Amino acid sequence: MISVLYVDDDESFCGFFKIYLQKMGDFSVTTVRYGHQALDMILDGSYDIVVSDYQMPGVTGLDLLRAYRKKGVKIPFILFTGKGREEVVIEAINEGAAFYLQKGGDQSSLFAELAHKIRQAVYAEEAQRALLENEEKFRLLFETARDGIILISDWSIRDCNNHAALMFHLDRSRLLDSDFFLLAPEIQPDGELTREKAEIVFKEAYRAGGAFVTWKFSRLDGTEFDAEMSISRLDIKGKVLFQAIIRDITERLLSEKELGQRNADLHTAYQELMASGEELKRKVEELRLSKSKVRESEKRYKDLADLLPEGVFECSLDGTISYVNHQAFTMFGFDPAQGLNNISVFRFIIPEDHERAKEIITQVLHGNPSKPHEYIGVRLDGSTFPIIIHSAPAVVNGTVVGLRGVIIDISMRKQAEDAIRESKQQLADVIDFFPDATVVINKAGEVIFWNRAIAKMTGIDARDILGKSNYEYSLPFYMVRRPILVDYALHPELIPKKEYAFIRQEGDVIIGESYIPGLGSGTTYFWGVASPLRNADGDIFGAIECIRDITGRKEAEEALKKSREELEKLVNERTRELVDVNLALRESESRYRTLVDLSPDAIFVHNGIEILYSNPAGVRLFGGETEEDILGRDPFLYVHPDFLPLVKKRIETSLSGLDSNLPQEEVFLGSHGEHLQVEVSSRPIRYRGDPAVLVVARDIRARKKAEKQLREYARVLEDKNHELDFLTNRLISMNRDLDDRVRERTDEINRLLRQKDDFINQLGHDLKTPLTPLIALLPSLLHEEEDPDKRILYSVLLRSVYSIREQTDKILTLARLSRQDGVVEYEMIHPVILIRQAVEKNWLFIKQKKLDIEILVPDDLVVRFSARDASSVFDNLISNAIKYTGNGGNIRIYSVTDDNAAIITVEDTGIGLTQEEAVHVFDEFYMADRSRHDRQSSGLGLAIVKRVMECYGGKVWVESDGPGHGSRFMICLPITRDGCCNLNP
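Source: prediction; values computed, not measured.

(A) The overall build of the protein chain, seen in detail. In terms of regular secondary structure, the protein chain is built from 27 helices and 33 strands. Across the 985 residues of the protein chain, 39% fall into the buried class. Contacts in the protein chain between residues far apart in sequence, at least 24 positions, make up 52% of those at least 6 positions apart. Taken as a whole, the protein chain presents about 57100 Å² of accessible surface, with 53% of it coming from carbon and sulfur.

(B) Just the packing of helix α23 (residues 831-841) against helix α25 (residues 867-883), in detail. In the contact formed by α23 and α25, the axes pass within 9 Å of each other and the chain directions differ by 50 degrees. The orientation of α23 relative to α25 falls into the category oblique. At the point where α23 passes α25, the crossing takes the right-handed sense. Listed contacts from α25 to Pro-831, Leu-834, Ile-835, Ala-838, Val-839 and Lys-841 of α23 are Ala-867, Ala-870, Ser-871, Phe-874, Asp-875 and Ile-878.

(C) Expanded view of helix α1 (residues 11-22). Spanning 12 residues, α1 covers 17 Å between terminal C-alpha atoms, matching the ideal 16 Å at 1.5 Å per step. Taken together, the buried positions of α1 are occupied by Phe-13, Cys-14, Phe-16, Phe-17, Tyr-20 and Leu-21. Mapping the buried residues of α1 onto a view down its axis gives an arc of 170 degrees, with all of them on the same face. The exposed residues of α1 that point more than 90 degrees off its buried face are Glu-11 and Ile-19.

(D) Main features of the packing of helix α2 (residues 35-44) against helix α3 (residues 61-70). Where α2 meets α3, the axes come as close as 10 Å, and the angle between the chain directions of the two elements is 30 degrees. Between α2 and α3, the angle falls in the class roughly parallel. Pair α2 / α3 crosses with right-handed handedness. Contact residues: α2 offers Gly-35, Ala-38, Leu-39 and Ile-42, while α3 offers Leu-64, Ala-67 and Tyr-68. Of the residues belonging to the contact of α2 with α3, the class tally is 6 nonpolar, 1 polar and no charged.

(E) Structural context of the pairing of strand β1 (residues 2-7). Among the 6 residues that make up β1, 6 are buried, leaving the element largely enclosed by the rest of the structure. Taking every second residue as pointing to the same face, both faces of β1 are buried, with Ile-2, Val-4 and Tyr-6 on one and Ser-3, Leu-5 and Val-7 on the other. Sheet analysis places β1 next to strand β2 (residues 27-32), joined by 6 bridges and oriented parallel. Bridge pairing links Tyr-6 to Thr-31 in β2. Between β1 and its parallel partner β2, the chain crosses via α1, and the hand of that crossover is right-handed.

(F) Quick look at the sheet that holds strand β8 (residues 210-218). Overall, antiparallel pairing links the 5 strands, which are arranged β7-β6-β10-β9-β8 in an open sheet. Both outer strands of the open sheet, β7 (156-160) and β8, are each paired with one neighbouring strand and no more. For this sheet, the mean angle separating the axes of adjacent strands, direction not counted, is 35 degrees. The sheet contact formed by β8 and strand β9 (residues 224-236) spans 9 bridges and is antiparallel. From the neighbouring strand, Phe-212 faces β9, where its bridge partner is Ser-230. The strands that helix α8 (residues 194-208) touches are β6 (148-153), β8, β9 and β10 (239-248); relative to β8, the one it contacts most, it runs at about 155 degrees.

(G) Spotlight on the state of the cysteines. This model, assessed by the stated rule, comprises 1 disulfide. In this model, Cys-972 is linked to Cys-980 through a disulfide, with the two sulfur atoms separated by 2.1 Å. Taking the sign of the torsion about the S-S bond as the criterion, the disulfide between Cys-972 and Cys-980, at about -90 degrees, is left-handed. Considered together, Cys-972 and Cys-980 belong to a single accessibility category, that of buried residues.

(H) Highlighting the sheet that holds β1. A sheet is described by the order of its strands in space; here 5 strands give the open sequence β2-β1-β3-β4-β5, paired in parallel fashion. Pairing within the sheet leaves two strands with one partner each, and these edge strands are β2 and β5 (99-102). Recorded for the sheet is a direction-independent mean angle of 20 degrees between the axes of neighbouring strands. Across 3 bridges, strand β3 (residues 49-52) lies against strand β4 (residues 77-81) in parallel orientation. Its bridge partner being in β4, Val-51 is matched across the sheet by Ile-78. This element, α1, spans β1, β2, β3 and β4 of the sheet and lies at about 175 degrees to β2.

(I) Focus on a nonpolar patch on the surface. The grouping of Leu-710, Tyr-713, Val-716 and Leu-717 at the surface amounts to a nonpolar patch, some 430 Å² of accessible area in total. Within the secondary structure, Tyr-713 sits in helix α21 (residues 701-784).

(J) Spatial organisation of the pattern of salt bridges. If you walk through the whole model with that rule in mind, you get 37 salt bridges. Arg-252 is paired through a salt bridge with Glu-256; the nearest N and O atoms lie 3.6 Å apart. Of this pair, Arg-252 and Glu-256 both sit in helix α9 (residues 250-282), separated by 4 residues, roughly a single helical turn. A residue is classified by how much of its surface remains accessible, and Glu-256, at 35% relative accessible area, is partly exposed. Between Lys-704 and Glu-665 there is a salt bridge, with the nearest N and O atoms lying 2.8 Å from each other. In this pair, Lys-704 is assigned in helix α21 and Glu-665 in strand β24 (residues 664-669), connecting sequence segments 39 residues apart.

Rules of the game
Residues numbered from 1 in each chain as written. Predicted model: local features only at pLDDT ≥ 70, side-chain atom pairs only at ≥ 80, totals over all residues. Heavy atoms only, no water. Helix = DSSP H or I, 4+ residues; strand = E, 2+ residues; numbered from the N terminus. Buried < 20%, exposed > 50% of the residue type's maximum accessible area, 1.4 Å probe, protein only. Contact = heavy atoms within 4.5 Å. Areas by Shrake-Rupley, 256 points an atom, 1.4 Å probe, with all protein chains shown as cover. Axes fitted to C-alpha atoms, helices over the stretch in contact; angles between N-to-C directions. Parallel < 35°, antiparallel > 145°, perpendicular 65-115°, else oblique. Left-handed = near helix turned anticlockwise from the far one by under 90°. Expected span 1.5 Å × (residues − 1). Arc of directions from axis to C-beta. Nonpolar A, V, L, I, M, F, W, Y, C, P; charged D, E, K, R; others polar. Pairing = 2+ DSSP bridges. Right-handed = clockwise from strand over helix to strand, strands pointing away. Disulfide = S-S within 2.5 Å. Patch = residues over 30% accessible without salt bridge, like charges linked within 9 Å, V, L, I, M, F, W, Y side chains within 5 Å. Salt bridge = Lys/Arg side-chain N within 4 Å of Asp/Glu carboxyl O.

Next comes the structure, spelled out in structure tokens:
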């Protein structure tokens, strides 16, 4: 429901407006008659839009708009008035009115268009507000991102978030506009030059829309760090920028490197340990013969175990610890001096792992192959950490006596794995919460991701489709198994052009639009974008597609197209006017620039600190050869010291924005110190957006010299002048009396003409306002009334209202044509359309008199005329024929056309004309049949036709065979400039 506040001083029109608009169902209307009351209601209430009349007592509609906009209220405003002056329209648009609509005409069409304008203005305001909110959301996302984000253009950093500044240990202001190559060493770890590698990567991002690379960055303090950089191409307002998302992976690389080294050490130790075990088996017999050698061997074994970076242990068959190396003590937080007497191996893992550990020990003791197993270890202080245990049976004299193994702390590896897992989950969450429906498949065509948006769109939950192939994902859209865009991303050579309303390929990316009837609740139009997915080696492992429902946008485009067609005629008129105005402005600007350059007066612009512009005369005045000789110099250097206070005061006055100073005489200094007598005029201007002073200085040295000579001549002529004073005074007195009389008479005539125009315009407005609801309501009352007497009464009322409206329009039209400013720019019109409209306006009288109307004007006839004034011509000619044609008569409208002009004839079987009547029928207020006393015949209609045709170079005349034989009114519409000049009717 749209809440509308309607402001109009006409109480009857307020009620009519409310009834008519609320009948449409989606409007809630509040009316008020005075502007100051409306302002309080706008500031206190919650209205979606304000619709206001223009001319109201005290506060006009535009005063109201300015008042609440000054208070910070951004409610849309529509000016709905009977005033049609161009200056009112321009002022309304300049003050921020959403639309301007003129009262009058067909009321059903008028209020339908008004309702459309209200909805359009309210929806546009809501869309603008939503856009600002979305921009703020995206800005917050940019600023709060955990990765560094920079925007790059021409290898310069145009914007960055706070995390990027922290990453490079710089303030954000220092990072902006800095060279991208200053943030990296000259050579990357792979040996490539940074600049060459960057150009390759960014070219790939430009071509494919994005790229991913591992990059070595450097800070200004010399420190370096490794990072993953994801580069995306952005097209903003026709300019290409690159967005780089930077993630510091220094710690992760160190962890991976350390983990790899430890695994290698562990493998080496394990191999050595296994080799030692085999060697021990072979030397069992020798060890049994020599205890001293056994003890030495055991000592070497323990020494070797203590040197290992991993924990080594031995235990009995029941799990009791018999030996651990030094690293095992350290790993589990025990003191080597206290030992581990009678402690079970199960003490060093969490209770949840005990059963699994027992099963694995049993399998190992029974000869199953030894494999590494993960457990959660428990330190002396109770803290836990992940470990891997490699174990094997301990054999003495061929008998398994226990278990020995190696313990590896994998905390660092787990942390790296958790970080990778978290990153993958974050990416999955981002895709899952995409507002666009998204599906991901692998190279085998199996669904590996199905986000919430596509589940909502298709009604299929992710659990029901993940892992499925054979085009299962196409069934919700097309009801058959077939490839969609995501499949064509894997196989672009199979793209079918005819299956999509629109499809194009940009590198690896495929974009398309498709019409899909029957999906969901009537959705029919979809937009999709698909791209292959690549691994770190650049190999394709799958594809992704994002699908967006664009039905609303398509419907909006259709609505916009219809609205554009409706407005196109009005816009074309204004466009032609603006083109001519712009051409005149450009010609004026060219003439002005030529005038300035050729001006003998010095013209220059300064801001009180330096000279910003000078024409050639100004350069010559100050003794320079080119404009560069004086530009940028202090203007006070060219002012004589005695005039500095006066000049400073003048400049301060101009820079403060006050009106231009009167010309005053000053003394400037030339480049060689010579005194320059000048007459100076100045005024404040804005030069390149900043306050400045425009100065025009006229060199008056020659004038001063001439004035001195003239003063001498004046003294000689003074005596002669005294002799002429007497005669001059008498002549002046006579001329003054005559001038006063002429002036008084001229002022009186102008005042009366202005009063006449104001009276006619005000009368037209005052008459049209109450007529509007009557014209809208009386036809409905006439059709709905069943009482014959009341129907006759309503018919009389309706004819009277139509008559008043017609006479008012004619008076206003005649007044406009009399001012000689009523002719608008020419346009191409179809006369047959305007003729049909004129016939439709008189449907009631045609029906009552049972007239037969025949229109024989071709549809393809086009002439250069004004649609408004042509409508007035056809309205008057056709209504005149209807008035003076009897019941059951015929009216024919036909045309004859050649290369120069089109002659359109309105022929009737009416009362006809005498020769005298035919001569005077186009005179103002002349009526051929005065005996009828018809109130609908003002005698102005045909006079208006004649005025219009004369204004546009056309002609009008009438032919009749006499009273009772009908009439033929003919107009000549020129096709060429002088098309009607040679016509002698």
